Amino acid sequence: MTVAVRFRRHLRRLLLLLASCCFISLLLSAYFLFSNSSPSMHLGQSAEPACSQPLSMSPYRQLPYPYPPNPPYTHVHTDAVVLVLVESQYSQLGQDIVAILESAHFQFRMEIASGKGDLPPLTEKGHGRYSLIIYENLLKYAHADTWNRQLLHQYCTEYRVGIIGFYRSTENSPSVLKLRGLPLILRTNQALWDCCVVSSSPLLHLTKPGTDRGALPGEDWTSFLSNHSSYQAVLLARAKEGAAAGSGDNAGPGFSLGLQATVVQDMGLYDGVRRVLFGQGLGYWLHRLILVDAISYLTDRKLTLGLDRHILVDIDDIFVGKEGTRMNTKDVK
């Protein structure tokens, strides 16, 4: 047997062995991919099935699309800056929003929101000055005059800019509020329980699906209802046992005592503008996480935080502390 024949035989066996290994690897990969999906990280106890359902629709009539579902936009060049429109320079919610932007090292500009909805210049030399607009008071956006609102919507659609808004109930808030210009109804001054993160929401990045058990802080929560497919729930909570479906005005059918959407995202199917709306401030810890995710989602990851985390352990006091308080061998073990 010549050397060439031996070489060809060994080469054929080697190729067959490599092909067999590749085939087995493909089978193992397919098995683990389809049978061993990793479970979600829960905030408290296991998430309830209702957290994976979309925002329940109320029995209001279906509204037509006034704009194309996916309106064309011609400009996408925007600076990585957030425009924050606050009630005053010293408002608590405005300071909370600024604190989160500063901690994430996001650039921002803070302006006082006027009653007519006047805005600072949004464009400069053919590019957008802001990648996101945040309203501390959602009503300042909803009640802006027609001219300013049209200018804002034109900027948002052409430059693909989203809007974040907060609504905080007061004692004088009506129990049921229709948001002007949007197929959205707000139900105010509620006491809620057991908040859960909807697992199907495309907004989630840092926040993980799950349920946070217990009463939510305060009794001034606002929930959102809509019959339009553009709106999806991000956070859901239960009405406290014995809470009425509505007080004062007759809320009518559609306001169940079940799950209420406290944070909703507008996919932009109604008028081409994407939004995320909060039914309270940032006193609740989950709202802070959702705000960071909303900023990332609405800016198409232009302003986002990575998933890597670094932990710094300060051990100075252990070695320079007083006698009797320093770490010893027994403590280490």
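Only a predicted model underlies this, so the values are computations on that prediction, with no experimental measurement involved. (Residues numbered from 1 in each chain as written. Predicted model: local features only at pLDDT ≥ 70, side-chain atom pairs only at ≥ 80, totals over all residues. Heavy atoms only, no water.)

### Observations regarding the side chain of D194
Right, so step 1: Tracing the chain through its elements places D194 in strand β9 (residues 192-197).
Right, so step 2: Take D194: its relative accessible area is 12%, and that puts it in the buried class.
Right, so step 3: There is a polar contact of 3.1 Å between the side chain of D194 and the side chain of W193.
Right, so step 4: Of note is the side chain of D194, whose polar atom sits 2.8 Å from the backbone nitrogen of G214. (Helix = DSSP H or I, 4+ residues; strand = E, 2+ residues; numbered from the N terminus. Buried < 20%, exposed > 50% of the residue type's maximum accessible area, 1.4 Å probe, protein only. Polar contact = N/O pair within 3.5 Å; in protein donor to acceptor, adjacent residues only side chain to side chain.)

### Some points on a nonpolar patch on the surface
Right, so step 1: On the surface, a nonpolar cluster with roughly 590 Å² of combined accessible area is contributed by F7, L11, L14, L15, L17 and L18.
Right, so step 2: Take L14: it is sitting in helix α1 (residues 3-35). (Patch = residues over 30% accessible without salt bridge, like charges linked within 9 Å, V, L, I, M, F, W, Y side chains within 5 Å. Areas by Shrake-Rupley, 256 points an atom, 1.4 Å probe, with all protein chains shown as cover. Salt bridge = Lys/Arg side-chain N within 4 Å of Asp/Glu carboxyl O.)

### Side note on unusual backbone geometry
Right, so step 1: Within the chain, H105 stands out as a residue other than glycine whose phi angle is a positive 60°.
Right, so step 2: For H105, the location among the structural elements is in the loop between α2 (92-103) and β2 (107-112).
Right, so step 3: In this structure, N189 takes a positive phi of about 50° despite not being glycine.
Right, so step 4: Structurally, N189 can be placed in strand β8 (residues 185-190).
Right, so step 5: A residue is classified by how much of its surface remains accessible, and N189, at 34% relative accessible area, is partly exposed.

### Considerations on α2
Given 3.6 residues to a turn, an α-helix orients residues that are three or four positions apart in the same direction.
Right, so step 1: In a regular helix each residue adds 1.5 Å, so 12 residues correspond to 16 Å; α2 covers 16 Å between its end C-alpha atoms and thus fits that length.
Right, so step 2: Buried within α2 we find L93, G94, D96, I97, V98, I100 and L101.
Right, so step 3: Buried residues in α2 make contact with β1 (81-86), β2, β5 (132-135), β6 (162-166) and α5 (285-298).
Right, so step 4: At the exit of α2 stands H105, carrying a positive phi of roughly 60°. (Expected span 1.5 Å × (residues − 1). Contact = heavy atoms within 4.5 Å.)

### Focus on the confidence of the model for the protein
Right, so step 1: Overall, the prediction assigns the protein a mean pLDDT of 81, with 77% of residues at 70 or greater.
Right, so step 2: In the predicted structure, residues 36-49 sits below a pLDDT of 50 and forms 24 contacts with residues beyond four places in sequence or in another chain.
Right, so step 3: Confidence drops under pLDDT 50 across residues 242-257; counting only partners more than four residues distant or on other chains, this segment forms 23 contacts. (pLDDT = per-residue confidence, 0-100.)

### Remarks on the nonpolar core
Right, so step 1: Counting 38 residues, the largest nonpolar core has I164 and F166 as the members making the most contacts within it.
Right, so step 2: Contributing elements (two or more residues each) for this core: β1, α2, β5, β6, β9, β12 (231-239), β14 (275-278) and α5.
Right, so step 3: For this core, the element with the highest residue contribution is α5, accounting for eight residues.
Right, so step 4: Those residues in contact with I164 that sit more than four places away from it in its chain are L132, I133, I134, Y135, V276, F278, L291, A294, I295 and L298.
Right, so step 5: One finds V81, Y141, I163 and F224 within the second-largest nonpolar core, a separate group that totals 34 residues. (Core = buried A, V, L, I, M, F, W, Y, C linked by side-chain atoms within 4.5 Å.)

### A closer look at the packing of α2 against α5
Right, so step 1: Taken N-terminus to C-terminus, the directions of α2 and α5 make an angle of 60°; their axes are 11 Å apart at the nearest point. In this view, α2 runs oblique relative to α5, as classed from their interaxial angle. Our pair here, α2 against α5, has a crossing hand that is right-handed. For the pair α2 and α5, contact is made by D96, I100 and L101 and by R288, L291, V292 and I295, respectively. (Axes fitted to C-alpha atoms, helices over the stretch in contact; angles between N-to-C directions. Parallel < 35°, antiparallel > 145°, perpendicular 65-115°, else oblique. Left-handed = near helix turned anticlockwise from the far one by under 90°.)

### Thoughts on a positive patch on the surface
Right, so step 1: Taken together, the side chains of R8, R9, R12 and R13 present a region of like positive charge at the surface.
Right, so step 2: Residue R9 is classed as partly exposed on the basis of its relative accessible area of 41%. (Lys, Arg positive; Asp, Glu negative; His and termini not counted. Charge placed at Lys NZ, Arg CZ, Asp CG, Glu CD.)

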